[in-house]
Amino acid sequence: MKLWATSDLHVSYQDNRDVVKAITAPGPEDWLIVAGDIGEKFADVEWTLAQLRPKFAKVVWSPGNHELWTTKDDPNQSRGEMRYKQLVELCRGLDVLTPEDPYAVFEGDGGPVTVCPLFLGYDYSFRPPGATDVESALAIAREAGVVCTDEYFLHPDPYPSREAWCRARVAETEERLAAVSGRTVLINHYPLVRDPTFVLRYPEFALWCGTALTADWHKRFDVAEMVYGHLHIPRTTHYDGVRFDEVSLGYPREWKPRGTTRVKLHDVLRES
């Protein structure tokens, strides 16, 4: 009984849809974590989770920024928190666990651990040198030619800003995690610490990659492993003795040079 993870499946690309179709569970009792960025359209999220759910004993989802986009060609034009709530209901209809459900305990290899899918967002606190506030940070990024597409498609309604939405999610999630006893696996689309963003080709993009408000969570909540995606740089790092794993597939132009036509599921809780 193993706990596996992947993220950033981006099924708007046909090559990635083919990869998703080929995913199989190595064992009949295995669980799968999907750490966000399945796709931009509701239909794509539903198709992907409907493909994966029958193959695994349990599927756990955390949203990425792409699921929260409201694009002109999506029949579902909901925005912000309403869109997120509709995605949660979509998942529940498919028997997929979300950040709004009770955290499940994984009793298999490496367990027991409480598996905690999170939805936290970002607040522009991973700022470039010289930035003194959000406005100056965004100005520096624009000057460098770096602007995340979220600025056009990810709406924070009814919150006044993405920062305010992030702060509300952090406060709510922090309270829930404080009530968990024992070891945890924390799952978020973005890393809980800034360090993984230091290898970005365009460092200004870190603005859209998390929040400094979670910088000590891996030490506070007995974390066995932190699972994330978003950066499209799959790798393992350690901070304060805690393993952080970026588990993304990414776009075809990124994963094809690795010489594989199948997604490599990440083995969470492996010994080494």
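Look a little higher up for the structure.
The paragraphs below set out a description of the structure included in this document.

Cut-offs used in this document
Residues numbered from 1 in each chain as written. Predicted model: local features only at pLDDT ≥ 70, side-chain atom pairs only at ≥ 80, totals over all residues. Heavy atoms only, no water. Helix = DSSP H or I, 4+ residues; strand = E, 2+ residues; numbered from the N terminus. Rg over C-alpha atoms; globule rule 2.2 N^0.38 Å. Buried < 20%, exposed > 50% of the residue type's maximum accessible area, 1.4 Å probe, protein only. Contact = heavy atoms within 4.5 Å. Areas by Shrake-Rupley, 256 points an atom, 1.4 Å probe, with all protein chains shown as cover. Lys, Arg positive; Asp, Glu negative; His and termini not counted. Charge placed at Lys NZ, Arg CZ, Asp CG, Glu CD. Pairing = 2+ DSSP bridges. Axes fitted to C-alpha atoms, helices over the stretch in contact; angles between N-to-C directions.

**Examining the overall build of the chain**
Then comes step 1: For the chain, the helix and strand inventory stands at 8 helices and 10 strands.
Then comes step 2: Relative to a compact globule of 272 residues, whose C-alpha radius of gyration would be 19 Å, the chain shows 17 Å and is just as compact.
Then comes step 3: Principal axes of the C-alpha set define a box for the chain whose edges measure 50 × 40 × 40 Å.
Then comes step 4: Out of the 272 residues belonging to the chain, those deemed buried represent 57%.
Then comes step 5: Contacts in the chain between residues at least 24 apart in sequence constitute 75% of all its contacts with a sequence separation of at least 6.
Then comes step 6: For the chain, the accessible area works out to roughly 11,600 Å², and carbon and sulfur atoms hold 51% of it.
Then comes step 7: Treating the 31 positive side-chain charges of the chain as one cloud and the 41 negative ones as another, the clouds have centres 3 Å apart.

**Topic: the sheet that holds strand β7 (residues 223–228)**
The strands that make up a sheet pair up through hydrogen bonds in the backbone, lying either parallel or antiparallel.
Then comes step 1: Spatially, 6 strands are ordered β4-β5-β6-β7-β9-β8 in an open sheet, and the strand pairing comes out mixed. With partners counted over all chains shown, the strands left at the sheet margins are β4 (104–106) and β8 (235–239), one partner each. Strand after strand, the sheet turns through a mean of 25° between neighbouring axes, direction not considered.
Then comes step 2: Alignment of β7 against strand β9 (residues 242–246), held across 4 bridges, turns out to be parallel. When the bridges of β9 are listed, Met226 appears paired with Phe244.

**As for the pairing of β8**
Then comes step 1: Looking at chain direction, β8 and β9 are connected through 5 bridges and run antiparallel. Following the sheet pairing, Arg235 is matched in β9 by Glu246.
Then comes step 2: The turn joining β8 and β9, which pair antiparallel and follow one another in sequence, is formed by 2 residues; a positive phi near 55° is taken by Asp240.

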